[in-house]
Amino acid sequence: MDEPSMPTPPAHSPGPPAPPIPLAELLASKDLGLRRIAGPADADLLWVHTSEMADPYPYLLGGELLLSAGVLLTDPDHYVARLVEAGAAALGFGVRPVHETVPEALIEACDRYGLPLLEVPPETPFTAIARAVWRLMAEARHRELRRVTRAQQALATAAARPDPVPAVLHQLAAQLSGRAVLLTGRGEEVHAAGRRPPPEAAAALARLARVVARERPGSPASATDTHAGTHLAAYALGGGEGLALALATRRRREAGDHTVAGIAVVLLSLLAAPHQGADAADRSAALVRLLLGATPAEVAPLLGSAGPWTVIHARRSDGTTADALTAGALGASLGSALVDAGREGGDTVRVLLPSTAGEATREAGGGEAAARREATPQPGGGEAAARREVTPQPGGEEPPTPPQAPTVPPQPGWTLGVSAPTPLVALGSADLRAARALAHAEATRAPLTVDTPVTGLAALIPPDQAAAHARTLLAPLTPPLADTLRCWLSLHGSWDRTAVALAVHRNTVRQRIGRCAVLLGVDLNDMDVRTELWFALRQE
């Protein structure tokens, strides 16, 4: 038989669309009667190939279980060396009719070069071995698909939690039985989950993450390494934030690990990317104009609305401090990219929510009731005012609906305080009212409290006169005393709840309320007194 001359090494193709099969699984098939007689016990099989050529090297892809009866075997040492050079995973040698037993020189060569050698009994055809390998691959592929599907569902569920980034990392660490870390381009940890690797492996993982997180042309999207038995992998996240997902596992890599990691990379890229509810360029332009002296009213259109605006204060229900990514996820859930993740190191997240179109708000729950409110005569306007509000425009078109305040739903895992819709010039006051609403919500253990605007009888008094009366009545009180009195009245005189809302001792609340009664010269047990004071405090 003529041997082709192919001096160049074979081009190794990608592996098959099925996970590799451990050699031990094939040897466990008792009906085949295979026996390992030389070489290591660990090997991964990607293919099965039969050849009786003296040098099959040019026709191997790597990872094969090569089956041969040794028809042209003359130099076992050269033969095994060429198989190892080609990347063969194992050699299966069939005894009889060519050789009664496996040649001793072949056994020694396989031991010397580290190539597993299997003895194939005469009653086992090579096609049966190939069929067994394909069956094991199909079973492994099925297990991999089931595992990836379960992992995908678990990661997607984690991404829907109030703290999506830490939740996804914890789920990923559990799926891979290792360490999952979100790192910056400088190697700083943003979030982490799972058991810490040894210090040397952790340092190697940080270096690997810096390689993929570099924002420059040609930077790899992923990188892998092994350090002292710990498998390391790093993946660049999309979104231009310079973040990387780094993984460290000590167990043997399993089929589907790379796919599961890829799912997590996609989810984390979406969660870490800037929210696109308002164009990033417009937000940048608004900031520049403010720094250069523009007024809030001038830059508001760049942020998506001219008003009114709603200020939201939020804190995690479990008492933990929200990081920037978790705060951004809250803003995305509320529909706003204008998020302050922390205020002077505090644990309160602030969100600025622009108004939405009136029609959209109606569809969300306003409906006919909102339309009826627009047609209701207002004080001082009489029926003529009502008629003006519903007068058809020329051409039969209805009058344009002004922007309406959005409805803020409760957010799982968060406690919210929401201000009433406020024009731009009064955002400072709305910020204070949102803070008070949050304190009220925490004191009453409610998921959300909305600071409602002054309505009813109190709205009949002109605002300037009401404010002047409030200033005169409350003049003796210092700001801390006024805040305590306001909170105490809003919680119906509850000492304990007021203490919780203000984060002070209940005796402190009693002392302050007693001081207010003395300075104002009133009896705070009198309902008329409480009502007048509440009216005055609402003007601030």
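Everything below is about the structure printed above this text.
Thresholds applied
- Residues numbered from 1 in each chain as written.
- Predicted model: local features only at pLDDT ≥ 70, side-chain atom pairs only at ≥ 80, totals over all residues.
- Heavy atoms only, no water.
- Pairing = 2+ DSSP bridges.
- Helix = DSSP H or I, 4+ residues; strand = E, 2+ residues; numbered from the N terminus.
- Axes fitted to C-alpha atoms, helices over the stretch in contact; angles between N-to-C directions.
- Contact = heavy atoms within 4.5 Å.
- 1 Å grid on protein atoms, 1.4 Å probe; cavity = no way out; pocket = protein on both sides within 12 Å on 5 of 7 lines; lining within 4 Å.
- Points joined across faces, edges and corners; volume = space filled by probe spheres on them.
- Nonpolar A, V, L, I, M, F, W, Y, C, P; charged D, E, K, R; others polar.
- Core = buried A, V, L, I, M, F, W, Y, C linked by side-chain atoms within 4.5 Å.
- Buried < 20%, exposed > 50% of the residue type's maximum accessible area, 1.4 Å probe, protein only.
- Phe/Tyr/Trp six-rings, centres within 6.5 Å; stacked < 30°, edge-to-face > 60°.
- Lys NZ or Arg CZ within 6 Å of the ring centre and 35° of its normal.

**Q** Report on the sheet that holds strand 7 (residues 117-120), specifying residues and quantitative values.
**A** Reading across the sheet, the 5 strands line up as 2-7-6-5-4 and stay open at both edges, with mixed pairing between neighbours. Whereas interior strands pair on both sides, the edge strands pair on one side only; in this sheet they are strand 2 (35-38) and strand 4 (47-50). Here the average twist between neighbouring strands, direction ignored, is 30°. Strands strand 2, strand 6 (90-94) and strand 7 of the sheet are contacted by helix 3 (residues 104-113), whose axis makes an angle of about 80° with strand 2. On top of the sheet, helix 4 (residues 126-159) reaches strand 4, strand 5 (64-68), strand 6 and strand 7; it is set at about 170° to strand 4, its chief contact.

**Q** So what's going on with empty space enclosed by the protein? Which residues, and what values?
**A** Inspection of the entire model under this criterion finds 1 cavity of 30 Å³ or more. Quantified by volume, the largest cavity comes out at close to 40 Å³. Forming the walls of the largest cavity are E52, M53, A54, S68, G70, V71, L72, L73 and Y79. Of the residues that constitute the lining of the largest cavity, the class distribution is 6 nonpolar, 2 polar and 1 charged.

**Q** Provide a residue-level description of the sheet that holds strand 16 (residues 414-418), including the pertinent values.
**A** Strands sit in the order 14-15-13-16-17 across an open sheet of 5 strands; the sheet is mixed. Bordering the open sheet on either side are strand 14 (339-340) and strand 17 (448-450), each of which pairs with just one other strand. Where helix 10 (residues 324-334) meets the sheet, its contacts fall on strand 13 (309-316), strand 14, strand 15 (349-354) and strand 16, and the angle it forms with strand 15 comes to roughly 25°. Along the sheet, helix 13 (residues 427-444) contacts strand 13, strand 15, strand 16 and strand 17; its crossing angle with strand 13, the most-contacted strand, is approximately 35°.

**Q** Before we move on, could you go through the nonpolar core and cite the residues and values that matter?
**A** L155, L169, L172, L245 and L247 are the most contacted members of the largest nonpolar core, which totals 29 residues. Going through the elements one at a time, helix 4, helix 5 (164-176), strand 8 (178-184), strand 11 (230-236), strand 12 (243-249) and helix 7 (257-272) are the ones with two or more residues in this core. In terms of residue count, helix 7 provides more of this core than any other element does, 8 residues in total. If we skip the residues at most four places from it in the chain, L247 touches L172, L176, R179, A180, L205, H231, L232, A233, Y235 and A261. By size, the runner-up hydrophobic cluster in this structure holds 22 residues, among which are L32, A43, A128 and A140.

**Q** Report on the packing of aromatic side chains, specifying residues and quantitative values.
**A** Summed over all chains, the structure comprises 1 aromatic pair. Judged by centre distance (5.4 Å) and plane angle (35°), the rings of W488 and W495 are tilted. The exposure class assigned to W488 is buried, which follows from its relative accessible area of 3%. We classify W495 as partly exposed; its relative accessible area is 23%. Cation over ring: R82 sits above Y57, and NZ or CZ is 3.9 Å from the ring centre. Taking NZ or CZ as reference, R316 lies 5.4 Å from the ring centre of W414, over its face.

**Q** Give a description of unusual backbone geometry that names residues and reports values.
**A** Omega for the peptide link from R96 to P97 comes to 10°, which places this bond in the cis form. Not every positive phi belongs to a glycine, and R445 is a case in point at roughly 55°. If you trace the backbone, R445 turns up in the loop between helix 13 and strand 17. Residue classification places R445 among the exposed residues on the basis of a relative accessible area of 80%.

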